[in-house]
Amino acid sequence: MCSCIIQAIHYGTNKITKGTVKKILATIAKEWLLMRRDIAGMMLIFTMPALLVIVMSLTEEGPFKDYQDMRFDLLLADNDAGSLAQGITNGLRASKNFHIIDSLDGKPLTEAKLKDLLRNGNYTSGIVIPRGVTAEMVNAANIIANNLSEKMGLGNAFTVRPPRDTMYVRVLFDPDAKPTFKNSITFALDKYITYTCSNMLINRMGKLGNATNPTDTGVRDLKRVFQGIGIREVALNEDKKEQKQFINSVQHNVPAWAIFGMFFIVVPIASHLIRERKEGSTLRITLIPHVQIPVSLGRTIFYTLVCTVQFVLMFCIGIWVMPLLHLPSLYIGTHPEALLPVAICISFAATTYGYLVGALFKTANQAMPFGSFSIVIFSAIGGIWMPVELLSGVMQRVAMISPLHWSLAAVNGIILRNGDLHDVWKYLCMLLIFGIVAWVLSTYISTRYRSVQ
Amino acid sequence: MQATPLAITIKDLYKQYPDALTPALAGLTLNVRENSFTGLLGPNGAGKTTCISILCGLVIPESGQATVYGLDCKKDKVAIRGVTGVVPQEIALFSNLTGFENLKYIGRLYGLTDKEIKQRSGELMERFGLEKHAHKRVSRYSGGMQRRANIIASLMHRPKLLILDEPTAGVDVQSRALILEYLNEYRQNGNTILYTSHSLEEAQKMCDEVIIMDEGKFVTTGKPKQLIKDTPDCKTLEDVFLHHTGHTLRD
Ligand SMILES: Nc1ncnc2c1ncn2[C@@H]1O[C@H](COP(=O)(O)OP(=O)(O)OP(=O)(O)O)[C@@H](O)[C@H]1O
Ligand SMILES: [Mg+2]
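How each quantity is defined
- Residues numbered from 1 in each chain as written.
- Chains lettered and ligands numbered in written order.
- Predicted model: local features only at pLDDT ≥ 70, side-chain atom pairs only at ≥ 80, totals over all residues.
- Heavy atoms only, no water.
- Helix = DSSP H or I, 4+ residues; strand = E, 2+ residues; numbered from the N terminus.
- Buried < 20%, exposed > 50% of the residue type's maximum accessible area, 1.4 Å probe, protein only.
- Contact = heavy atoms within 4.5 Å.
- pLDDT = per-residue confidence, 0-100.
- Near = heavy atom within 4 Å.
- Polar contact = N/O pair within 3.5 Å; in protein donor to acceptor, adjacent residues only side chain to side chain.
- Areas by Shrake-Rupley, 256 points an atom, 1.4 Å probe, with all protein chains shown as cover.
- Nonpolar A, V, L, I, M, F, W, Y, C, P; charged D, E, K, R; others polar.
- Patch = residues over 30% accessible without salt bridge, like charges linked within 9 Å, V, L, I, M, F, W, Y side chains within 5 Å.
- Salt bridge = Lys/Arg side-chain N within 4 Å of Asp/Glu carboxyl O.
- Donors = N, O, S within 2.8 Å, 3.2 Å for Na, K, Ca; no water.
- Phe/Tyr/Trp six-rings, centres within 6.5 Å; stacked < 30°, edge-to-face > 60°.
- Lys NZ or Arg CZ within 6 Å of the ring centre and 35° of its normal.
- Axes fitted to C-alpha atoms, helices over the stretch in contact; angles between N-to-C directions.
- Left-handed = near helix turned anticlockwise from the far one by under 90°.

Topic: the overall build of chain A
So, step 1. Summing up its helical and strand segments, chain A has 17 helices and 6 strands in all.
So, step 2. Scored against the burial criterion, the 453 residues of chain A give a buried share of 46%.
So, step 3. Considering only contacts within chain A whose residues lie at least 6 apart along the sequence, 79% involve residues at least 24 apart.

Laid out in structure tokens, this is it:
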């Protein structure tokens, strides 16, 4: 083990002779020849991840849109036909996220029909506005206005009756609806009800205002008073070029599955290594002095390059092919040049892991299932299947051990957070250390246990 | 006592494979003279391949000593590999590369220049009748062609000592003649050859010295003619072999 590391350092420092470089280049040339011969294998290496990226982006487009710009059908049974229903519908319509359905086949929707539709699973949510709710709201506003006018010594301005407290706007959901979805609808409704109520209040106060004299405030239209207050999303890094980038299907799936595809190179690499051991060519190399390390370096460099090409290809698909499929184009941040070193580090980690699997197992029957399953597991815990943010707290910590997570975090740092190499160096170091450890181990196991008995 | 210097010395070699019942080598001792054509003979499972593998550092013995040109097989295996050419019993080539591509890659790894590689591989391919097949993939070679290519690959760096493990197994009469003729010539150029074979007739004809081993142990050695003369009722090397190793089936 130690001798292996020493030998590596020995090659790495003062002894990188012309001869060693030539041996590395010869190995790269030989790997290229072998790959070119195996057209089917080469096609698989490039087309399978490409297909994966496209399919995953397409199938996950819906779920990603759910919480963003997707429009929900929202049934509305209005038993009141007053200004509250009007306020709610106007608000929901203006938000663009909801599509209000208040009539079917030209007939206004009844409460019974609405429940039927939800029960049948045709729709996921509905609102029932009870009769008299607008009158109740007006009454409530009048009470407050009266209260105010009394305090100012003006006496009651409006006739009122005691308030009732049973006037709820009822929200109904398909039993299958997800809690997040329910929340987003209730929050939206709540907001529009409050908004309509305060508008009503302002309206009543405005009528009071005819008696008093509000001109000294300088604000004539009271409805606009609160417009400057509210919420607006802004880019996190104000200093970097402002670019609002939200996670969407393409933005998550292209890098995630590109990384998965790159790591899947473990399978062909491991079986390639095992095949060379079987056909005896490894024995031939073993019999040549001073070549273990240059040969190992040569093929690592070669497959690192192949993986990097894979990455570039996947990103090209994200940028140029996705729009053809009516998906958003992949946004690659404000420092796209930083993606190249990131891709090289990911490729290095993937390649060396492949060699490690190939060295650890004696037969392809053992190496291939282990290689593929370990990548699937690393990807599941590493946030490839769904963003790490959606995983539970424990799993978020477990994700930290997955090289696929480091890879994804590095890529996201560049393309989502508009970062550069300074922002992701930690992940690159982890990938490099993983790669170096895997390389040293695989070279050690290959020379010590796989070619000597 | 040998008059000429020794290319290989082996003393009390002992090797037991992890899950084997009996040791592959059980105290083997033998010497190979420099510039000789030596045949290492023995029944199946005698330990010939194991012995060769120890010499080139592919198998580590439990005990005993083996040297090649005075270099220790455990400590100096890298140096030994530089001066030795080993032709393994199984084909050891990249089956998806052509014959020439194999030689080019192997030559480059030995540190030869592209010019040297072109010249050496051209010369060897022609000599072994493979020049027409230089650009065909090894996987599409016939068995005999693969054997010849396997030998050529071990000759690229002009080794002083050539160790061949059954180079003539499974080849036709013409190929065999061609291989043996080349080996003889190679020996004449001042190199040493150690080879194993199950063809005793061939060994009797080719070798100036044979070593017979059985069950991991040295049995006898000598010039074929001398051995035949010294063993009672023996007319051929095969008789000598059977006399020493018996008729029971091995393996
Ligand atoms: N890798 C191995 N693992 C376990 N046992 C082995 C291994 N290689 C060889 N052996 C055993 O060691 C003994 C010697 O084998 P070896 O291959 O050296 O014989 P050999 O003389 O070359 O035989 P052959 O003429 O058939 O090639 C045999 O009993 C064989 O079964
Ligand atoms: Mg053998």
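So much for the structure itself; the text now carries on.
Brief notes about the confidence of the model for chain A
Residues and elements named next belong to chain A.
So, step 1. The pLDDT averaged across chain A works out to 82; a share of 85% of its residues lies at or above 70.
So, step 2. Mean pLDDT values for the elements of chain A range from 58 in helix H1 (residues 2-12) up to 95 in helix H13 (residues 339-360).
So, step 3. Low pLDDT, under 50, characterises residues 214-219; the stretch is placed with 3 contacts to residues that sit more than four places away or in other chains.
So, step 4. Note on residues 240-244: pLDDT is under 50 here. Beyond four places in sequence and across chains, it has 11 contacts.

Digging into the site of ligand 1
So, step 1. Around ligand 1, the structure places 14 residues, and the nearest of them are Asn44(B), Lys48(B), Thr49(B), Thr50(B) and His198(B).
So, step 2. Close to ligand 1, residues of chains A and B are found.
So, step 3. One nitrogen or oxygen atom from the main chain of Ala46(B) is found 3.2 Å from an oxygen atom belonging to ligand 1.
So, step 4. When ligand 1 sits alone it has 630 Å² of accessible area, and the protein chains cover 70% of it.
So, step 5. When its residues are assigned to classes, the shell around ligand 1 shows 4 nonpolar, 8 polar and 2 charged.

Considerations on a nonpolar patch on the surface
Residues and elements named next belong to chain A.
So, step 1. A grouping of Leu44, Met48, Leu51 and Val55 is seen on the molecular surface, where their side chains present a nonpolar patch of about 370 Å² in accessible area.
So, step 2. Relative to the elements of secondary structure, Val55 occurs in helix H3 (residues 39-59).
So, step 3. Accessibility expressed as a relative area gives 40% for Val55, which makes it partly exposed.

A look at the coordination of the magnesium ion (ligand 2)
Residues and elements named next belong to chain B.
So, step 1. For the magnesium ion (ligand 2), the full set of protein donor atoms is Thr49 (OG1) and Gln89 (OE1), at a range of 1.8 to 2.3 Å. With Thr49 in helix H1 (residues 48-55) and Gln89 in the loop between strand S6 (84-87) and helix H3 (99-109), this pair connects stretches of sequence that are 40 residues apart.
So, step 2. Given a relative accessible area of 26%, Gln89 falls into the partly exposed group.

Quick look at the packing of aromatic side chains
So, step 1. All chains considered together, the criterion is met by 13 aromatic pairs over all chains.
So, step 2. On the basis of an interplanar angle of 45 degrees and a centroid distance of 6.0 Å, the ring pair of Tyr353(A) and Phe434(A) is categorised as tilted. Residue Tyr353(A) is found in helix H13, and its partner Phe434(A) is found in helix H17 (residues 421-450); the two are separated by 81 residues along the sequence.
So, step 3. You can call Tyr353(A) buried: its relative accessible area is 9%.
So, step 4. Among the aromatic residues, those joined into a ring-pair cluster are Trp257(A), Phe260(A), Phe264(A) and Trp385(A).
So, step 5. Over the aromatic face of Tyr427(A) sits the side chain of Lys426(A), whose NZ or CZ is 5.5 Å from the ring centroid.
So, step 6. Sitting above the plane of the Tyr69(B) ring, Lys160(B) keeps its charged end 4.2 Å from the centroid.

As for the packing of H3(A) against helix H12 (residues 292-321) of chain A
Residues and elements named next belong to chain A.
So, step 1. Here H3 crosses H12 at 35 degrees, and the two axes come no closer than 10 Å. When you trace H3 past H12, the crossing you get is right-handed. Contact with H3, carried on its side by Ile45, Phe46, Pro49, Ala50, Val53 and Ile54, involves Val306, Val309, Gln310, Leu313, Met314, Ile317 and Val321 of H12 and no other residues of that element.

Considerations on the pattern of salt bridges
Residues and elements named next belong to chain B.
So, step 1. Tallied over the full model, the rule gives 16 salt bridges over all chains.
So, step 2. Here Glu123 makes a salt bridge to Arg120, at a shortest N to O gap of 2.9 Å. Of this pair, Glu123 and Arg120 are both found in helix H4 (residues 114-127), 3 residues apart, which corresponds to roughly one turn of the helix.
So, step 3. Accessibility expressed as a relative area gives 36% for Glu123, which makes it partly exposed.
So, step 4. The salt bridge partner of Asp208 is Arg187, with a shortest N-O separation of 2.2 Å. Of this pair, Asp208 sits in the loop between helix H7 (200-206) and strand S9 (209-214) while Arg187 sits in helix H6 (residues 173-188); the two residues are 21 residues apart in sequence, bridging distant segments of the chain.
So, step 5. On the accessibility criterion, Asp208 (22% relative accessible area) is partly exposed.
So, step 6. Residue classification places Arg187 among the buried residues on the basis of a relative accessible area of 14%.

Re unusual backbone geometry
In terms of backbone geometry, most residues other than glycine have negative phi values and most peptide bonds are trans.
So, step 1. The phi angle at His290(A) is positive, at roughly 60 degrees, despite the residue not being glycine.
So, step 2. Within the secondary structure, His290(A) is located in the loop between helix H11 (281-286) and H12.
So, step 3. Residue class for His290(A) comes out partly exposed when judged on its relative accessible area of 49%.
So, step 4. One non-glycine residue, Asp12(B), lies in positive phi territory at about 50 degrees.
So, step 5. Within the secondary structure layout, Asp12(B) lies in strand S1 (residues 6-15).
So, step 6. Among the residues examined, Asp12(B) registers a relative accessible area of 42% and is labelled partly exposed.

Concerning the environment of Lys23(A)
So, step 1. Its location among the elements puts Lys23(A) in helix H2 (residues 18-37).
So, step 2. On the accessibility criterion, Lys23(A) (13% relative accessible area) is buried.
So, step 3. Among all residues touching Lys23(A), those that are not within four sequence positions of it are Pro289(A), His290(A), Val291(A), Pro294(A), Arg108(B) and Leu109(B).

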